[in-house]
Amino acid sequence: MTLTHPTADQITLSNVLAALGDSTRLAIVGYLARRDGRPTMCLNFTDFGSKTNISYHLAKLREAGITRTEVSGTSRLITLRRDDLDIRFPGLLDSIVAAAVDLPMVKKIEDAEEALVQGEAR
């Protein structure tokens, strides 16, 4: 199964800004930015809402050209399209990420991950 993504030339500023106008999607982008390009599974975002709600938000980000979603079996691996966005709109993503990485929702998911890692280390 392959999901459709806009090409770099098809990414528009209005679609990017519209997608990022939602606090959940902004938090997802902030979280992905902290991952430094490492793919993230959809289930990492369940603290942001229900599975259905997260699927909706991830689809909006993908359709706007902000994220790339790769299908791997039953999992979806999400990454930021940093290179495409930086070429298309230089500096935009950096400005957005600077604000998004400190959102309480991003901190909440990072705390949950840290607790999980600490629990596995015991």
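Here the structure is shown first, and the text comes after it.
The rules we used
- Residues numbered from 1 in each chain as written.
- Predicted model: local features only at pLDDT ≥ 70, side-chain atom pairs only at ≥ 80, totals over all residues.
- Heavy atoms only, no water.
- Phe/Tyr/Trp six-rings, centres within 6.5 Å; stacked < 30°, edge-to-face > 60°.
- Helix = DSSP H or I, 4+ residues; strand = E, 2+ residues; numbered from the N terminus.
- Buried < 20%, exposed > 50% of the residue type's maximum accessible area, 1.4 Å probe, protein only.
- Polar contact = N/O pair within 3.5 Å; in protein donor to acceptor, adjacent residues only side chain to side chain.
- Contact = heavy atoms within 4.5 Å.

Student: Break down the packing of aromatic side chains for me, with residues and values.
Tutor: Within this structure, the stated rule accounts for one aromatic pair. Pairing Y31 with F45 gives two aromatic rings, centres 5.5 Å apart and planes at 85°, and the pair type is edge-to-face. Here Y31, found in helix α2 (residues 23-34), pairs with F45, found in the loop between β1 (40-41) and α3 (51-64); they are 14 residues apart in sequence, far enough to count as distant.

Student: I'd like a description of the side chain of R81, backed by residues and values.
Tutor: Tracing the backbone shows R81 in the loop between β3 (75-80) and α4 (82-88). For R81, a relative accessible area of 5% translates into the label buried. In terms of polar contacts, R81 uses its side chain to reach the backbone carbonyl oxygen of P6, at 2.7 Å. Residues contacting R81, with those up to four places away along its chain left out, are H5, P6, T7, A8, I11, G65, I66, T67 and R68.

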